[in-house]
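Descriptive analysis of the structure
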Amino acid sequence: MEFDLTIRNGRITTSKETFFADIGVKDGKIAAIAPQLPAAAKDIDATGQWVMPGGIDSHAHIEQFSGMGVMCADDFYSGTVSAAFGGTTTIIPFAAQHKGMRIPDVLADYAQRARSKAVIDYGFHLILSEATPENLQSDLVQAIADGVTSLKVYMTYDALKLDDFQLLDVMEVAGREGAMLMIHAENHDVIRWIARKLLASGKTAPKFHAVAHDYLAEGEASNRAIALSRLLDVPILLVHVSATEAIDVIRAARQLGSKVHAESCPQYLFLTAEDLDAEGLEGAKFCCSPPPRDPRAQEAVWQGFQDGTLGVYSSDHAPYRFDTTGKLPKGEATTFKEMANGVPGIELRLPLMFSEGVLKGRITPEKFVQLTATNHAQMYGLEHCKGDIAVGLDADIAIWDPQLQRTITWSDLHDNVGYTPYEGKQITGWPVTVISRGAVVVQDQQLHAQPGQGQYIPRRCPQPLLNNPLQPQPSSAARWLGLKGKAWSGQA
Ligand code: DUC
Ligand code: ZN
Ligand code: ZN
């Protein structure tokens, strides 16, 4: 076979193994993996480099209105360019339904925003803020059938929060239709109560954001979300897990056979609450929800990734500028309650994990591939086309120089945020060539992609494996209520 592109002499890491071989690409797909393939017209010599799947970032906020009504600083061009420079070749950002909006309109709106701008492939999760019968039984069902096979719901934020009754309603539909339900688990009333006390006593600085979002608020809500999901025997995925308590709860539930999956992010490995305690309002640059915790929690997150309690490593890129459009809506008078929640990370997600995880021996290269690509594909219905290096999959590939040393500085990045919370950190290893469906999109620090080149990928219903031989206790509610559907028949 004549290939369109060959990548030769590289050290390939898949989700299962590492070996030396060449890759032949034809029509955007991996067509051959073998020793000594003949060079194609376009041939990349990867001698001394590591060839790994392009990352899938399944948690990013791009050109999105937040629950607080703030527009992100990155649109689908800057967001996807930044992702590509960091070795990511697919993103799954959110299409956010706010109260009063129809789900089909929301999805059409985000599709239209992305279509002409994205330089890498993308799908969408739905954010669901209104669990009305019409939304659940008709529009959500249609969205899932159309390839939006995951949705996120919130247990906090005035504008987004669902109560337990509503969560059960959503779980029932997600389980029946086979969608993955992502949950932001923090106890709303605990946060609100602490925040009111803090503000009343003049404690308004960014560091108090971490005080209000206590780890117990996360632990309690995680426990509750898991209990509800066990009641209906429905898979859930807890997003942006930050605290030791939440990880312990997830681990224990999984050991009982519960179908709970979990994600964590760079900010919970590389930042702590102390970063929020900076001069003036500088700490706002580190404010996200849940907040970064402490070194013990960082260790728990590493442990969670190592033992499989945490299955996906995403950026939760939530880009807000350090000005009145984002972090500081009231300028110098902004309190911790008013600043936009979130930190950027779409470009640095993989390099941080490569440097601090793989090269420092905390995780193997294969685990890196699983956490950054393969497990995302499995969790979100992209396994048939993305997430690994194998014949027949899309040729989404990142070629790493494992020795390249860089000092992180925002001016080298490609987002539109204006700062990075990782400024000054020294890391080793960087993806120097990035390939999306067989096309080189980044090489020699140059972008080679056109806006609109990225394709929308409708997703299948996920069937993630728990790697747990235990079957959960049969749920009497699920049995007596006659709940049936994909979640009850599949492995998830
Ligand atoms: N939740 C997110 O998923 N991202 C940013 C802030 C938040 O609350
Ligand atoms: Zn969230
Ligand atoms: Zn998020």
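Definitions and limits used
Residues numbered from 1 in each chain as written. Chains lettered and ligands numbered in written order. Predicted model: local features only at pLDDT ≥ 70, side-chain atom pairs only at ≥ 80, totals over all residues. Heavy atoms only, no water. Helix = DSSP H or I, 4+ residues; strand = E, 2+ residues; numbered from the N terminus. Rg over C-alpha atoms; globule rule 2.2 N^0.38 Å. Lys, Arg positive; Asp, Glu negative; His and termini not counted. Charge placed at Lys NZ, Arg CZ, Asp CG, Glu CD. Donors = N, O, S within 2.8 Å, 3.2 Å for Na, K, Ca; no water. Buried < 20%, exposed > 50% of the residue type's maximum accessible area, 1.4 Å probe, protein only. Near = heavy atom within 4 Å. Polar contact = N/O pair within 3.5 Å; in protein donor to acceptor, adjacent residues only side chain to side chain. Areas by Shrake-Rupley, 256 points an atom, 1.4 Å probe, with all protein chains shown as cover. Nonpolar A, V, L, I, M, F, W, Y, C, P; charged D, E, K, R; others polar. Salt bridge = Lys/Arg side-chain N within 4 Å of Asp/Glu carboxyl O. Phe/Tyr/Trp six-rings, centres within 6.5 Å; stacked < 30°, edge-to-face > 60°. Contact = heavy atoms within 4.5 Å. 1 Å grid on protein atoms, 1.4 Å probe; cavity = no way out; pocket = protein on both sides within 12 Å on 5 of 7 lines; lining within 4 Å. Points joined across faces, edges and corners; volume = space filled by probe spheres on them. Disulfide = S-S within 2.5 Å. Core = buried A, V, L, I, M, F, W, Y, C linked by side-chain atoms within 4.5 Å. Axes fitted to C-alpha atoms, helices over the stretch in contact; angles between N-to-C directions. Parallel < 35°, antiparallel > 145°, perpendicular 65-115°, else oblique. Left-handed = near helix turned anticlockwise from the far one by under 90°.

Take the overall build of the protein next. When helices and strands are counted, the protein shows 14 helices and 18 strands. Against the globule reference of 23 Å for 492 residues, the protein gives a C-alpha radius of gyration of 22 Å, in line with a compact fold. For the protein, the distance from the average position of its 44 positive side-chain charges to the average position of its 57 negative side-chain charges is 4 Å.

Glancing now at the coordination of the zinc ion (ligand 3). Listed as protein donors to the zinc ion (ligand 3) are His59 (NE2), His61 (NE2) and Asp316 (OD); their distances from the metal cover 1.9 to 2.1 Å. When the donor residues of the zinc ion (ligand 3) are listed from N- to C-terminus, their spacing reads H-x1-H-x254-D. A gap of 4.3 Å separates the zinc ion (ligand 3) and the zinc ion (ligand 2). Remark: Asp316 occurs in the loop between β14 (312–313) and α11 (349–358) and His59 occurs in strand β6 (residues 55–60); sequence separation between them is 257 residues. Comparing His59 with Asp316 shows no difference in burial state: the two are buried.

All residues adjacent to ligand 1 are His59, His61, Lys152, Tyr157, His184, His240, Ser289, Asp316, Ala318 and Asn341. Side-chain polar atom of His59 to an oxygen atom of ligand 1: 3.0 Å apart, as the coordinates give it. Within the side chain of Asp316, an N or O atom sits 2.9 Å from a nitrogen atom of ligand 1. Relative to its free-state accessible area of 240 Å², ligand 1 is covered by the protein chains to the extent of 96%. The residue inventory of the shell around ligand 1, partitioned by class, reads two nonpolar, six polar and two charged.

Below, the discussion takes up the pattern of salt bridges. Under the definition given, this model contains 26 salt bridges. When the shortest N-O distance is used, the salt bridge between Lys29 and Asp394 registers 2.7 Å. Of this pair, Lys29 sits in strand β3 (residues 29–34) while Asp394 sits in the loop between α12 (365–379) and β15 (397–407); the two residues are 365 residues apart in sequence, bridging distant segments of the chain. The exposure class assigned to Asp394 is buried, which follows from its relative accessible area of 6%.

A few words now on the packing of aromatic side chains. For any pair of aromatic rings, geometry is given as the distance between the ring centres together with the angle between the planes. Counting across every chain of the model gives 14 aromatic pairs. Arranged with centres 6.1 Å apart and planes meeting at 75°, the rings of Phe270 and Trp302 form a pair that is edge-to-face. You can see Phe270 sitting in helix α9 (residues 267–270) and its partner Trp302 sitting in helix α10 (residues 295–307), a full 32 residues away along the chain. Neither residue differs from the other here; Phe270 and Trp302 are each classed as buried.

Before going further, it helps to spend a moment on the side chain of Thr244. On the secondary structure map, Thr244 appears in helix α8 (residues 244–255). Those residues in contact with Thr244 that sit more than four places away from it in its chain are Arg296, Ala297 and Ala300.

The next thing to look at is the environment of Tyr456. Relative to the assigned elements, Tyr456 resides in the loop between β18 (446–447) and α13 (476–480). You can call Tyr456 partly exposed: its relative accessible area is 33%. C-alpha of Tyr456 to C-alpha of Ser150: the two residues are 306 residues apart in sequence and 15 Å apart in space. Apart from residues lying up to four places away in sequence, Tyr456 is in contact with Tyr122, Gly123, Phe124, Asp146, Gly147 and Val148.

Here the focus is the layout of surface pockets. Rolled over the atoms, a probe sized like a water molecule indicates the empty space that remains. Computed from the structure, the second largest pocket encloses a volume of approximately 300 Å³. Residue lining of the second largest pocket: 14 residues in total, with Met68, Tyr157, Asp158, His188 and Lys337 positioned closest to the centre. Take the lining of the second largest pocket: its biggest share by element is three residues, from helix α5 (residues 188–200).

Under the definition given, this model contains zero disulfides. A disulfide-free cysteine, Cys72 has its sulfur positioned 14 Å from the sulfur of Cys288, the nearest such atom. Relative accessible area serves as the criterion here: at 8%, Cys72 is assigned to the buried category. Cys385 takes part in no disulfide bond, and the closest cysteine sulfur, belonging to Cys461, lies 14 Å away.

Turning to the coordination of the zinc ion (ligand 2), a few remarks are in order. The coordination sphere of the zinc ion (ligand 2), as far as protein atoms go, consists of Lys152 (NZ), His184 (ND1) and His240 (NE2), spread over 2.1 to 2.2 Å. Given the relative accessible area of 1%, His184 is considered buried.

Let us look at empty space enclosed by the protein. For the coordinates displayed, the defined rule picks out six cavities of 30 Å³ or more. Volume-wise, the largest cavity comes out at about 230 Å³. By residue class, the composition of the lining of the largest cavity is eight nonpolar, ten polar and two charged.

All right, on to the nonpolar core then. With 122 residues, the main nonpolar core has Leu151, Ile183, Leu238 and Phe368 as its most contacted residues. When neighbours within four sequence positions are excluded, Leu238 is seen to be in contact with Ile183, Ala185, Ser222, Ala225, Ile226, Ile250, Val260, His261, Ala262 and Glu263.

Between α8 and α10, whose axes approach to 9 Å, the crossing angle comes to 25°. The angle between the axes of α8 and α10 places the two elements in the roughly parallel class. In terms of crossing hand, the pair formed by α8 and α10 is left-handed. Packed against α8, whose contacting residues are Thr244, Glu245, Ile247 and Arg251, the element α10 presents Arg296, Ala297, Ala300, Val301, Gln303, Gly304 and Asp307 at the interface. Class assignment of the residues belonging to the contact of α8 with α10 gives a composition of four nonpolar, three polar and four charged.

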